[in-house]
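The chain contents come next:
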Amino acid sequence: MRRADEQEFHEYVSARLDRWRRSAYLMCQDWHTADDIVSVAVGRLYEHWPRARQADNIDAYAQRILTRAWLNEARRPWRRERPHEAPLEHGTVDVPEVVDRESLADLLRSLAPRQRAVIVLRFYLDYSIEETAAILGISQGTVKSQSARGLAALRLNADAFGA
């Protein structure tokens, strides 16, 4: 890659890294895994940067890479294992904020990976149905049905969790 292209890539990634990390966390519910997913996505984006620059919407192209990196990671056998207890996080934070964040994390964790990806893309990142379908490589009807089923499951689970 030319030096000018590398500079453009570096500026693009630097401006979006925090957003990618937050959206990866919402999908995987673990900051370490989110960092891994973002690093894989940045590597793939770097590899395909000449093609990505030519895309109509570079952000959608990058989000697609990030989302697919999460879905690929979620398919790995060791991701199916569930720890008995979550490790304790150290630090001082406001207790109500943690309760809200934890209940949201529990609700999102109750969804299947693809449903979670659809919910995060549609309602957290505010992508349209068409953009979400393009990012995930699925039909618009599937986005609609996964959104409806995911929201219904969240409502049901919110009652069960007492949120």
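Presented here is an overview of the structure given in this document. (Residues numbered from 1 in each chain as written. Predicted model: local features only at pLDDT ≥ 70, side-chain atom pairs only at ≥ 80, totals over all residues. Heavy atoms only, no water.)

1. A few points about the environment of alanine 60
Right, so step 1: By the secondary structure assignment, alanine 60 is in helix 4 (residues 58–74).
Right, so step 2: Note on alanine 60: relative accessible area 16%, which makes it buried.
Right, so step 3: Sequence separation between alanine 60 and tyrosine 127 is 67 residues; the distance between their C-alpha atoms is 9.0 Å.
Right, so step 4: Those residues within four positions of alanine 60 in sequence are excluded, and the remaining contacts are Tyr127 and Ile135. (Helix = DSSP H or I, 4+ residues; strand = E, 2+ residues; numbered from the N terminus. Buried < 20%, exposed > 50% of the residue type's maximum accessible area, 1.4 Å probe, protein only. Contact = heavy atoms within 4.5 Å.)

2. Looking at empty space enclosed by the protein
Right, so step 1: Scanning the entire structure with this criterion turns up one cavity of 30 Å³ or more.
Right, so step 2: Here the largest cavity is characterised by a volume of approximately 40 Å³.
Right, so step 3: If you trace the largest cavity, you find it lined by Arg16, Arg19, Trp20, Asp59, Gln63 and Tyr127.
Right, so step 4: Elements represented by at least two residues in the lining of the largest cavity include exactly helix 1 (3–28) and helix 4.
Right, so step 5: Broken down by element, the residue count for the lining of the largest cavity peaks at three residues, all from helix 1.
Right, so step 6: Tallied by class, the residues present in the lining of the largest cavity amount to two nonpolar, one polar and three charged. (1 Å grid on protein atoms, 1.4 Å probe; cavity = no way out; pocket = protein on both sides within 12 Å on 5 of 7 lines; lining within 4 Å. Points joined across faces, edges and corners; volume = space filled by probe spheres on them. Nonpolar A, V, L, I, M, F, W, Y, C, P; charged D, E, K, R; others polar.)

3. Re unusual backbone geometry
Right, so step 1: With a phi angle near 65 degrees, glutamine 29 is a residue other than glycine that sits in the positive phi range.
Right, so step 2: Within the fold, glutamine 29 resides in the loop between helix 1 and helix 2 (31–47).
Right, so step 3: The backbone of aspartate 126 sits at a positive phi, close to 60 degrees, despite the residue not being glycine.
Right, so step 4: For aspartate 126, the location among the structural elements is in the loop between helix 6 (113–124) and helix 7 (129–136).
Right, so step 5: Aspartate 126 sits in the exposed class, given a relative accessible area of 64%.

4. Considerations on the pattern of salt bridges
Right, so step 1: Throughout the structure, instances matching the rule amount to six salt bridges.
Right, so step 2: Between aspartate 5 and arginine 53 there is a salt bridge, and its shortest N-O distance comes to 2.7 Å. Of this pair, aspartate 5 sits in helix 1 while arginine 53 sits in helix 3 (residues 49–53), placing them 48 residues apart in sequence.
Right, so step 3: Relative accessible area serves as the criterion here: at 28%, arginine 53 is assigned to the partly exposed category.
Right, so step 4: Of the charged contacts, one joins arginine 109 and aspartate 106 as a salt bridge, the two residues approaching to 2.8 Å between their closest N and O atoms. (Salt bridge = Lys/Arg side-chain N within 4 Å of Asp/Glu carboxyl O.)

5. Some thoughts on helix 4
Structural remark: α-helix, 3.6 residues per turn; residues separated by three or four positions point the same way.
Right, so step 1: The end-to-end C-alpha distance of helix 4 is 24 Å, a good match for the 24 Å that 17 residues give at a rise of 1.5 Å each.
Right, so step 2: Those residues of helix 4 hidden inside the fold are in contact with helix 1, helix 2, helix 6 and helix 7.
Right, so step 3: A side-chain oxygen of the first residue of helix 4 lies 3.2 Å from the backbone nitrogen of aspartate 59; this N-cap is asparagine 57. (Expected span 1.5 Å × (residues − 1). Polar contact = N/O pair within 3.5 Å; in protein donor to acceptor, adjacent residues only side chain to side chain.)

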